[in-house]
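Structure assessment
The primary structure of each chain is shown beneath.
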Amino acid sequence: MNRIKEVLEQKGIKQTWLAEKLGKSYNMVNAYSQNRQQPRLETLMEIANILDVDIKELIISNKENN
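Below or above, wherever it landed, is the structure these notes cover. (Residues numbered from 1 in each chain as written. Predicted model: local features only at pLDDT ≥ 70, side-chain atom pairs only at ≥ 80, totals over all residues. Heavy atoms only, no water.)

So, the pattern of salt bridges
- Across all of its chains, the model carries 2 salt bridges by this definition.
- With a closest N to O distance of 2.2 Å, E6 and R3 form a salt bridge. Of this pair, E6 and R3 both sit in helix α1 (residues 3–11), separated by 3 residues, roughly a single helical turn. The pair E6 / R3 is uniform in exposure class, with both members buried.
- Between R40 and E42 there is a salt bridge whose closest N-O contact spans 3.5 Å. Like R40, the residue E42 is exposed in the burial classification. (Salt bridge = Lys/Arg side-chain N within 4 Å of Asp/Glu carboxyl O. Helix = DSSP H or I, 4+ residues; strand = E, 2+ residues; numbered from the N terminus. Buried < 20%, exposed > 50% of the residue type's maximum accessible area, 1.4 Å probe, protein only.)

If you want it as structure tokens, here you go:
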């Protein structure tokens, strides 16, 4: 699962709300959440700030290595 999508779900935040805060379209945020498009680093930093998480939480997998 995409980390942006996962954090949104954990915090109970809708993609439409994030899109408003970012000043981007819902379609763009949805593309980030579905891994159809990767946000620029600046945008990823802004998403982390808005969601009040460390940027590493959005880019590092929480899966255990086998």
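Don't stop here, the text continues.
Comments concerning the nonpolar core
- Counting residues in hydrophobic clusters, the biggest one holds 14 residues, and the most contacted among them are I4, L18, I47, L51, V53 and L58.
- Where this core is concerned, the elements lending two or more residues are α1, α2 (15–22), α3 (26–33) and α4 (41–51).
- Element by element, the count of residues in this core is highest for α4, at 4 residues. (Core = buried A, V, L, I, M, F, W, Y, C linked by side-chain atoms within 4.5 Å.)

Topic: the packing of α2 against α3
- Between α2 and α3, whose axes approach to 8 Å, the crossing angle comes to 115°. Seen from above, α2 lies across α3 with right-handed handedness. Of α3, the residues touching α2 (which contributes Q15, T16, L18, A19 and L22) are Y26, V29, N30 and S33.
- Looking at the contact of α2 with α3 residue by residue, the class counts come to 5 nonpolar, 4 polar and no charged. (Axes fitted to C-alpha atoms, helices over the stretch in contact; angles between N-to-C directions. Left-handed = near helix turned anticlockwise from the far one by under 90°. Contact = heavy atoms within 4.5 Å. Nonpolar A, V, L, I, M, F, W, Y, C, P; charged D, E, K, R; others polar.)

Overview of the packing of α2 against α4
- Running from amino to carboxyl end, α2 crosses α4 at an angle of 115°, the nearest separation of the two axes being 11 Å. Crossing of α2 against α4: the hand is right-handed. Contacts between α2 and α4 involve W17, L18, K21 and L22 from the former and T43, E46, I47, I50 and L51 from the latter.
- Looking at the contact of α2 with α4, its residues break down into 6 nonpolar, 1 polar and 2 charged.

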